[in-house]
Amino acid sequence: HIQDPASQRLTWNKPPKSVLVIKKIRDASLLQPFKELCVYLTEENNMIVYVEKKVLEDPAIANDENFGPVKKKFCTFREDYDDISNQIDFIICLGGDGTLLYASSLFQGSVPPVMAFHLGSLGFLTPFNFENFQSQVTQVIEGNAALVLRSRLKVKVVKEHREKTTVQNGIEENGVVPASLEKEVGKQIMQYQVLNEVVVDRGPSSYLSNVDVFLDGHLITTVQGDGVIVSTPTGSTAYAAAAGASMIHPNVPAIMITPICPHSLSFRPIVVPAGVELKIMLSPDARNTAWVSFDGRKRQEICHGDSISITTSCYPLPSICFRDPVSDWFESLAQCLHWNVRKKQNNFAVEEEE
């Protein structure tokens, strides 16, 4: 049956003990909220607080003697070095939407519930205001909150690994000095969990992007233009919306395919079921390579023979709601994108009878 979004609630099997605090770096306005939150978590709730090591390297934090005793209680980690995936009960983000995307990238498997405070520039994915953070954090710790499960994309990039070699002595049989040769020496496989979108574009080339899109093994179209966006419902209000796509509520199980400036008047964005597998490859007759990025990170070049496979991940991101999934989403549309905001039409004046 179709699940009622209102039935998704945060429940703890046992009281949470550890919390990861993600703070937007290089933003001085977040220093005081960060300190207040950490003091509240450690001293009032006896929580184990995990903080990224580079956050504590900020001089305003490192040189604050009053914050020193609190800082000594922290557990620190470094991105791409330390695995904290099994040590965190829930996450608190201080910043904008990029902070939530960064938190998602830290967990390539199961993601703890995320509570996001709006302290950035947009705030579409961050429904909480910081003024009453104590009572709001307490409600989350007590399990009194609604959830929206934001689906992610599982992406596998397979590259034909090539290395450049030169002929012995640098001279071919005909006496010509050869250019460097590329030789296939196996495949390189990389996997990513993506919350917003996978973007394939033409990069620095002045030629049209020319990539083939397959759905469950069948070629469905060739994208000729600046590129293509494959997004989750959460990502439908990001780059996809700017490229002319519809906006989809995060509870809808779907994947959206949106062309970027297609060289065709009839290429409209489409929505496909969440269970399908998409594959994107350079067309055989493509004049240039393509580039791909994942939530704006890990940007890399895609050459002939490489492939990008995309499907819905079995590890969604549980986002804690301020009110409920429906109210929060429409509030974000109104506040952040000013959706359907216009001056209302006047009614007809009632004429008095003679």
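The name an unreviewed UniProt entry assigns to the chain is NAD kinase, from the organism Pteruthius melanotis. The annotation that UniProt attaches to the chain under Cofactor (unreviewed entry) is "a divalent metal cation". The Sequence similarities (unreviewed entry) comment attached to the chain in UniProt states, word for word, "Belongs to the NAD kinase family."

Some remarks on the overall build of the chain
The number of helices and strands found in the chain is eight helices and 19 strands. When its C-alpha atoms are laid out on the principal axes, the chain stretches across 85 × 80 × 40 Å. Among the 354 residues that make up the chain, the fraction classed as buried is 46%. Carbon and sulfur atoms make up 49% of the accessible area of the chain, which totals about 19,600 Å².

Comments concerning the domain arrangement of the chain
How big an interface is tends to be stated in terms of accessible area lost as the parts join. For the chain, the domain assignment lists domain 1 (9-151 + 316-337) and domain 2 (153-161 + 186-312). Relative to domain 2, the C-alpha centre of domain 1 lies at a distance of 30 Å. Taken together, the 21 residues of domain 1 in the interface contact 18 residues of domain 2. For the pair domain 1 and domain 2, the two sides together bury roughly 1,600 Å², of which 58% comes from carbon and sulfur.

Structural notes on the pattern of salt bridges
If you walk through the whole model with that rule in mind, you get seven salt bridges. Residues Asp82 and Arg78 are paired through a salt bridge, measuring 3.9 Å at the closest nitrogen-oxygen approach. In this structure Asp82 comes out as partly exposed when scored by relative accessible area, which is 36%. Ionic pairing is found between Lys187 and Glu160, a salt bridge with its closest N-O pair at 2.5 Å. One end of the pair, Lys187, is in strand E8 (residues 181-194); the other, Glu160, is in strand E7 (residues 153-165), with 27 residues separating them in the sequence.

Focus on a nonpolar patch on the surface
Taken together, Val326, Phe330, Leu337 and Trp339 make up a surface patch of nonpolar side chains, about 360 Å² in accessible area. As for its placement among the helices and strands, Val326 is situated in helix H8 (residues 325-337).

Remarks on helix H6 (residues 133-141)
Every buried residue of H6 is listed here: Phe133, Gln136, Val137, Val140 and Ile141. What you see down the axis of H6 is that its buried residues fit within an arc of 140°, all on one side. Summarising the contacts, the buried residues of H6 are in contact with helix H1 (31-44), strand E4 (90-95), strand E5 (114-118) and strand E19 (317-320). With its phi angle positive at about 80°, Gly143 sits one or two positions after the end of H6.

Thoughts on the layout of surface pockets
If you add up the space inside the largest pocket, you get close to 390 Å³. Considering the residues around the largest pocket, the lining is formed by 22 residues, among which Asp80, Ser105, Leu106, Phe107 and Gln108 are closest to the centre. For the lining of the largest pocket, the secondary-structure elements that each account for two or more residues are helix H5 (97-105), E8 and strand E17 (297-302). Per-class residue counts for the lining of the largest pocket are eight nonpolar, six polar and eight charged. Of the volumes computed, that of the second largest pocket is approximately 310 Å³. As for the second largest pocket, its lining consists of 19 residues, and the residues nearest its centre are Lys24, Ile25, Gly98, Thr99 and Tyr102. Taken together, the elements giving at least two residues each to the lining of the second largest pocket come down to strand E1 (18-23), helix H2 (53-56) and H5. In terms of residues, the lining of the second largest pocket owes the most to one element, H5, which gives four residues. In terms of residue class, the lining of the second largest pocket is built from six nonpolar, five polar and eight charged.

Quick word on the pairing of strand E12 (residues 227-231)
In terms of residue burial, E12 counts as a mostly covered element, since five of its five residues are buried. Judged from the five bridges that link them, strand E9 (residues 197-201) and E12 form a sheet pairing that is antiparallel. In the strand pairing of E12, Val198 is matched with Val230. Two strands pair when backbone bridges link them, and E12 and strand E13 (residues 254-260) are joined in this way by five bridges, in the antiparallel orientation.

Things to note about the confidence of the model for the chain
Looking at the chain as a whole, the pLDDT averages 89, with 91% of positions reaching at least 70. Segment residues 165-184: pLDDT under 50, and 25 contacts once partners within four positions in sequence are set aside and those in other chains are kept.

Looking at unusual backbone geometry
Here the phi dihedral of Cys261 falls at roughly 45°; this positive angle occurs in a residue that is not glycine. Inspection of the secondary structure assignment puts Cys261 in the loop between E13 and strand E14 (270-273). The exposure class assigned to Cys261 is exposed, which follows from its relative accessible area of 55%. The backbone of Lys298 shows a phi angle near 55°, a positive value even though the residue is not glycine.

Reading the values: the criteria
Residues numbered from 1 in each chain as written. Predicted model: local features only at pLDDT ≥ 70, side-chain atom pairs only at ≥ 80, totals over all residues. Heavy atoms only, no water. UniProt positions renumbered as here; feature names shortened; annotations may be inferred. Helix = DSSP H or I, 4+ residues; strand = E, 2+ residues; numbered from the N terminus. Buried < 20%, exposed > 50% of the residue type's maximum accessible area, 1.4 Å probe, protein only. Areas by Shrake-Rupley, 256 points an atom, 1.4 Å probe, with all protein chains shown as cover. Domains from an automatic or database assignment. Contact = heavy atoms within 4.5 Å. Buried area = accessible area lost by both parts, 1.4 Å probe. Salt bridge = Lys/Arg side-chain N within 4 Å of Asp/Glu carboxyl O. Patch = residues over 30% accessible without salt bridge, like charges linked within 9 Å, V, L, I, M, F, W, Y side chains within 5 Å. Arc of directions from axis to C-beta. 1 Å grid on protein atoms, 1.4 Å probe; cavity = no way out; pocket = protein on both sides within 12 Å on 5 of 7 lines; lining within 4 Å. Points joined across faces, edges and corners; volume = space filled by probe spheres on them. Nonpolar A, V, L, I, M, F, W, Y, C, P; charged D, E, K, R; others polar. Pairing = 2+ DSSP bridges. pLDDT = per-residue confidence, 0-100.

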